[in-house]
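Given next are the chains, with one letter for each unit.
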Protein chains: 2
Amino acid sequence: MADMMKQVVLASRPAGAAGLEHFRLEEVAIPTPADGEVLVRITHMSLDPYMRGRMDDAKSYATPVAVGATMEAGAVGEVIASNAPGFAPGDTAFGMLGWATHGCLPATHLRKLDPSIPATTALGVMGMPGFTGWYGLTEIGKPKAGETLVVAAATGPVGSMVGQLAKLRGLRVVGIAGGADKCKQAVETFGFDACVDHRAYDTARDLRKAIAAEAPDGVDIYFENVGGKVLEATLPLMNTFGRIPLCGMIAWYEGAETSATDQLPRVWRNVLVNRLCINGFIISDHFDRFPDFLKEVAPHVADGSITYLEDVAEGLENAPETFLRMLKGGNKGKQIVKIS
Amino acid sequence: MADMMKQVVLASRPAGAAGLEHFRLEEVAIPTPADGEVLVRITHMSLDPYMRGRMDDAKSYATPVAVGATMEAGAVGEVIASNAPGFAPGDTAFGMLGWATHGCLPATHLRKLDPSIPATTALGVMGMPGFTGWYGLTEIGKPKAGETLVVAAATGPVGSMVGQLAKLRGLRVVGIAGGADKCKQAVETFGFDACVDHRAYDTARDLRKAIAAEAPDGVDIYFENVGGKVLEATLPLMNTFGRIPLCGMIAWYEGAETSATDQLPRVWRNVLVNRLCINGFIISDHFDRFPDFLKEVAPHVADGSITYLEDVAEGLENAPETFLRMLKGGNKGKQIVKIS
């Protein structure tokens, strides 16, 4: 009888908010790598907000996860069998291996990791989230020394990269985060100039006043990864010729936080009057730039001038609960699940 | 006693829709040009949607017209007195001379016109509106042959420039206009591939179907100058990496056409999923590019490959009524008022 592995599949699609009932843990046989494939025993998997979008079947930038299929995730682990040149048992590799204890992929879909660097950094600071922050800030945000940047989810892996890179480039950086602890972390751990606790303000108007107090010269770059109240608060603070890289809107992923009135005319007017540039981007379009990202960021991570936080949960069976908690902002730093 | 001139001043600010009561015709003495100034007898003045914004005192990209001050307008006319080198009586000149029969400006604020070209073209096809279309299309729209462009107010001076330039560059061009006559004009006079009558569709959804039928490959560039229902109809048709130059939103200038629900989350999602680029621009920021515009467009106007329509009303006293009619789409082509 074949050795068995575990995986988490999408049990059904959520109508509104996602819940534990939409996931199912299954046991299946560990596959044997075909010609050109590599089998990996997963040690750590990544949980990211984009996965919520994969659970719906609305038109999106990627194919939804099929009901009954394994949830998608980036993960790192140890090669335990290889049927491809370039990979050998004992190697450490990254790939889109899924919510599972094991994964089998063509070698072309795996990246071998430098064993001298902690493997989990390939899921966060030196992986997709860090790259998202770097690309959006540098290519769309076009930061200039002396400008002011606002970024939400400030202690998350995207926000903390954006803020730290912007500080290195001489900008004033105002974070937004949920709770006093995270705000303290944004300033003390990540070196933000200030961080505003959005949970301390009931209305967008009050939140706006708090942000404005920390951004006395207005906002030149709003790195948009949350939408909702934070967007509503920040947009009117934009300076002329401001830039808004847009890579997420977690506040709206589950249909919450909608306004009673149509905000679009006001937003449109703001874009016109202030000559704003809003640019949506999906990081998977830009993986040709990944080497440029690593070239700039890896030395900063090595010397500590860019730091990172990881929130490591234990066990694949806890991945759904951990994921739901993260969607509500319950994580502290890059959310990872330790698998083995 | 000094010779008298007429001018139209802003009598009061509109709360909602603008009406005749917000304007007042006045007689004042014709000024004498001071050192460096030039006096112009206005022959034609321009009416443009942006003037509606100047009547409000909301924060905008330009100072509002003060209550009691002359309404702002570009105009052309004949120099009748000059106290500046480079201008002599009999010259034809363009400047921001206002809603008036005469205007006196520093010579540095006037542009001498080639008398062999109809002076009114400096108000439309070879003036600010044409330049707006050219800049937004080429610099923000970044058109590529084979793509599809949608532009509203298709027979107006901005829309018709955008459409004709896009056709010259090998795009499929779908116009949107109010009424069957204008749609016919967009196709027959301006060479659009198709034009959809937005008045024939009550809902954004129905309008969307009609546009989609004329844009079978989706929309790559939506040149945004109207907002409202047309925006709501067109946005979901955008292809990935689509561009939206945004220079106006006439549908929302007077607070009409607001949706009962908040459209912002849906729009934001669309910008993300389709990696759209929305870029607000104000043409007065870019006058350094005016010579480039004329260099490209003037030969096309001369040889007829770019054509234009003018709607010429008679008499300064009729300017307010003509302006209000234009805001409702009652003009056919570039709205001009013949002054003398």
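Residues numbered from 1 in each chain as written. Chains lettered and ligands numbered in written order. Predicted model: local features only at pLDDT ≥ 70, side-chain atom pairs only at ≥ 80, totals over all residues. Heavy atoms only, no water.

The name an unreviewed UniProt entry gives chain A is NADPH-dependent curcumin reductase, with Actibacterium lipolyticum as the organism.

On to helix 7 (residues 264-273) of chain A. When you tally the buried positions in helix 7 of chain A, you get 8 out of 10 residues, the bulk of the element. Among the residues of helix 7 of chain A, Leu264, Pro265, Val267, Trp268, Asn270, Val271, Leu272 and Val273 of chain A are the ones counted as buried. Those residues of helix 7 of chain A that are buried lie in contact with strand 12 (238-246) and strand 13 (277-280) of chain A together with helix 6 (228-234), strand 12 (238-246), helix 7 (264-273) and strand 13 (277-280) of chain B. The first or second residue beyond helix 7 of chain A is arginine 275 of chain A, which carries a positive phi of 50 degrees. (Buried < 20%, exposed > 50% of the residue type's maximum accessible area, 1.4 Å probe, protein only. Helix = DSSP H or I, 4+ residues; strand = E, 2+ residues; numbered from the N terminus. Contact = heavy atoms within 4.5 Å.)

Turning our eyes to something else, we now look at the environment of threonine 63 of chain A. With respect to the secondary-structure elements, threonine 63 of chain A resides in the loop between helix 1 (50-54) and strand 4 (75-82). Given the relative accessible area of 64%, threonine 63 of chain A is considered exposed.

This brings us to unusual backbone geometry. All names here are of chain A. Not every positive phi belongs to a glycine, and alanine 153 is a case in point at roughly 50 degrees. Mapped onto the elements, alanine 153 comes out in the loop between strand 8 (148-152) and helix 3 (157-168). Residue alanine 153 is classed as partly exposed on the basis of its relative accessible area, which comes to 37%. With phi around 50 degrees, arginine 275 is a residue other than glycine that occupies positive phi space. The buried category is assigned to arginine 275, whose relative accessible area is 13%.

So, on to the packing of helix 3 of chain A against helix 8 (residues 290-303) of chain A. Residues and elements named next belong to chain A. Close contact between helix 3 and helix 8 brings their axes to 12 Å; oriented N to C, the two are set at 85 degrees. Judged by the inter-axis angle, helix 3 sits roughly perpendicular to helix 8. Note on element contacts: helix 8 touches helix 3 through Phe293, Glu296, Val297 and His300, opposite Met161, Leu165 and Leu168. By residue class, the composition of the contact of helix 3 with helix 8 is 5 nonpolar, 1 polar and 1 charged. (Axes fitted to C-alpha atoms, helices over the stretch in contact; angles between N-to-C directions. Parallel < 35°, antiparallel > 145°, perpendicular 65-115°, else oblique. Nonpolar A, V, L, I, M, F, W, Y, C, P; charged D, E, K, R; others polar.)

Residue and element names in this part refer to chain A. By the assigned domains, chain A splits into domain 1 (4-124 + 310-338) and domain 2 (128-283). When each unit is reduced to the centre of its C-alpha atoms, the spacing between domain 1 and domain 2 is 29 Å. In this assembly, 18 residues from domain 1 lie in contact with 12 residues from domain 2. Counting each side, the surface lost to burial between domain 1 and domain 2 is near 1300 Å², with a carbon and sulfur contribution of 56%. Close ionic contact of lysine 332 with aspartate 181 constitutes a salt bridge, the shortest N to O distance being 3.9 Å. At the boundary of domain 1 and domain 2, one finds 4 residue pairs in polar contact (both at pLDDT 80 or more). Among the residues making up the side of domain 1 that touches domain 2, the classes are represented as 8 nonpolar, 5 polar and 5 charged. (Domains from an automatic or database assignment. Buried area = accessible area lost by both parts, 1.4 Å probe. Salt bridge = Lys/Arg side-chain N within 4 Å of Asp/Glu carboxyl O. Polar contact = N/O pair within 3.5 Å; in protein donor to acceptor, adjacent residues only side chain to side chain.)

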